[in-house]
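Spelled out, the chains give:
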Amino acid sequence: FDLPNQRLYIAGYPGDKEIGTLWEATGKGASRNLLSNTFDHTLDTYGGESGSAVRVKVKGVDQIIAVHSSGGVFSNEAVRFNKEVLGTLKRWLKSM
């Protein structure tokens, strides 16, 4: 995906909202960190949303491409799914 031009979506439970309320945000991807599998994004997030799925729509269907990991004043960061991350998730699911 061309992240800087891709519309991204996230849903989570931000700590600055009423407890137990789900909020969704949309925005554009930003820069990629070429040294890792992380990227910056401009989605409006708050503490408590780490671990939320970052999604894109492909032909009208949501696809999860990353997990929101941290936030800052000007941008936020997500961990992009790759073979290593997906392999870890699969191992965790098998152990359940």
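As shown above, the structure is provided for reference.
These figures come from a predicted structure and were not determined experimentally. (Residues numbered from 1 in each chain as written. Predicted model: local features only at pLDDT ≥ 70, side-chain atom pairs only at ≥ 80, totals over all residues. Heavy atoms only, no water.)

Engineer: Describe the packing of aromatic side chains, with residues and values.
Structural biologist: We describe a pair of aromatic rings using the distance from one ring centre to the other and the angle between the two ring planes. Enumeration according to the criterion identifies zero aromatic pairs in this entry. Residue placement shows Lys17 over the ring face of Trp23; its charged tip is 4.6 Å from the ring centre. Just above the ring of Tyr9 sits the side chain of Lys57; from NZ or CZ to the centre is 5.2 Å. (Phe/Tyr/Trp six-rings, centres within 6.5 Å; stacked < 30°, edge-to-face > 60°. Lys NZ or Arg CZ within 6 Å of the ring centre and 35° of its normal.)

Engineer: Tell me about the side chain of Glu49, and name the residues and values.
Structural biologist: By secondary structure assignment, the location of Glu49 is in the loop between strand 3 (38–41) and strand 4 (53–58). Despite its burial, Glu49 pairs with no opposite charge, the nearest such side chain being Lys17 at 8.7 Å. When residues no more than four places from it in sequence are discounted, the contact partners of Glu49 are Ala11, Gly12, Tyr13, Pro14, Asp44 and His68. (Helix = DSSP H or I, 4+ residues; strand = E, 2+ residues; numbered from the N terminus. Buried < 20%, exposed > 50% of the residue type's maximum accessible area, 1.4 Å probe, protein only. Lys, Arg positive; Asp, Glu negative; His and termini not counted. Salt bridge = Lys/Arg side-chain N within 4 Å of Asp/Glu carboxyl O. Contact = heavy atoms within 4.5 Å.)

Engineer: Can you explain the pattern of salt bridges? Please cite residues and give values.
Structural biologist: Side chains bearing opposite charge may pair, as long as their charged atoms lie close to each other. Using the criterion set out here, one finds three salt bridges in the structure. Across the pair Glu24 and Arg55 runs a salt bridge whose closest N-O atoms are separated by 2.5 Å. With Glu24 in strand 2 (residues 23–32) and Arg55 in strand 4, the pair connects residues that are 31 residues apart, well separated along the chain. The exposure class of Glu24 is exposed, given its relative accessible area of 53%. Exposure remark for Arg55: the relative accessible area of 13% places this residue in the buried category. For Asp62, the salt bridge identified is with Lys57, shortest N-O distance 3.0 Å.

Engineer: Describe the nonpolar core, with residues and values.
Structural biologist: Nonpolar side chains tend toward joint burial in soluble globular proteins. Formed by Leu3, Leu8, Ile10, Ala25, Phe39, Leu43, Val54, Val56, Ile65, Ala66 and Ala78, the largest nonpolar core amounts to 11 residues. Of all elements in the fold, only strand 1 (7–12), strand 4 and strand 5 (61–71) reach the threshold of two or more residues within this core. In this structure Ile10 touches Trp23, Glu24, Ala25, Leu43, Thr45, Ser52, Ala53, Val54, Arg55 and His68, once residues within four positions along its chain are discounted. (Core = buried A, V, L, I, M, F, W, Y, C linked by side-chain atoms within 4.5 Å.)

Engineer: Summarise the pairing of strand 4; cite the residues concerned and give the values.
Structural biologist: As defined by bridge partners, strand 1 adjoins strand 4 across two bridges and the pair is classed as antiparallel. Directly across from Ile10, in strand 4, lies its bridge partner Val54. A loop of two residues connects strand 4 with strand 5, the two strands running antiparallel in sequence, and Lys59 in this loop sits at a positive phi of about 55 degrees. (Pairing = 2+ DSSP bridges.)

Engineer: Explain helix 1 (residues 83–94) to me, and be specific about the residues and the numbers.
Structural biologist: Between the first and last C-alpha of helix 1 there are 16 Å, a value that for 12 residues agrees with the 16 Å anticipated at 1.5 Å per step. Taken across its 12 residues, helix 1 has zero buried, putting it largely on the surface. The N-cap residue of helix 1 is Asn82: its side-chain oxygen and the backbone nitrogen of Glu84 are 3.1 Å apart. (Expected span 1.5 Å × (residues − 1). Polar contact = N/O pair within 3.5 Å; in protein donor to acceptor, adjacent residues only side chain to side chain.)

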